[in-house]
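# Structure at a glance
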Amino acid sequence: MFRPKLPDVPTLPTTTVTPQQTQAPVASAGRPVAPYVGIGAGAVAAVVVVGIVLTALLAAVAVSAVSVAIAAVVLRSLVSSTHQR
């Protein structure tokens, strides 16, 4: 009594349809595309590696310059204190 009544599902006629499979001809460019992709990926990797190396060298030069500047200030203060006495 409290159960819903669902309508009957109509049966569809069964027909088998076989689709025609046609392949479009692939245009040949005469040159393979894959080597250019490999060269592009290698070039990008080389640029990234060179950028990392140059950044590391720049950081090393900056740290060296700061340490030389600190050493110069310390030596200057030591030399000036000995002249004052």
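Preceding this section is the structure that the text describes.
What comes next is a walk through the structure. (Residues numbered from 1 in each chain as written. Predicted model: local features only at pLDDT ≥ 70, side-chain atom pairs only at ≥ 80, totals over all residues. Heavy atoms only, no water.)

With that settled, consider the overall build of the chain. Looking only at helices and strands, the chain has one helix and zero strands in total. By residue count, 0% of the 85 residues in the chain fall in the buried class. Approximately 8,700 Å² of the chain is accessible, and the part contributed by carbon and sulfur atoms is 71%. (Helix = DSSP H or I, 4+ residues; strand = E, 2+ residues; numbered from the N terminus. Buried < 20%, exposed > 50% of the residue type's maximum accessible area, 1.4 Å probe, protein only. Areas by Shrake-Rupley, 256 points an atom, 1.4 Å probe, with all protein chains shown as cover.)

This part is about a nonpolar patch on the surface. A grouping of Val49, Val50, Val53, Leu54 and Leu57 is seen on the molecular surface, where their side chains present a nonpolar patch of about 450 Å² in accessible area. Residue class for Leu57 comes out partly exposed when judged on its relative accessible area of 49%. (Patch = residues over 30% accessible without salt bridge, like charges linked within 9 Å, V, L, I, M, F, W, Y side chains within 5 Å. Salt bridge = Lys/Arg side-chain N within 4 Å of Asp/Glu carboxyl O.)

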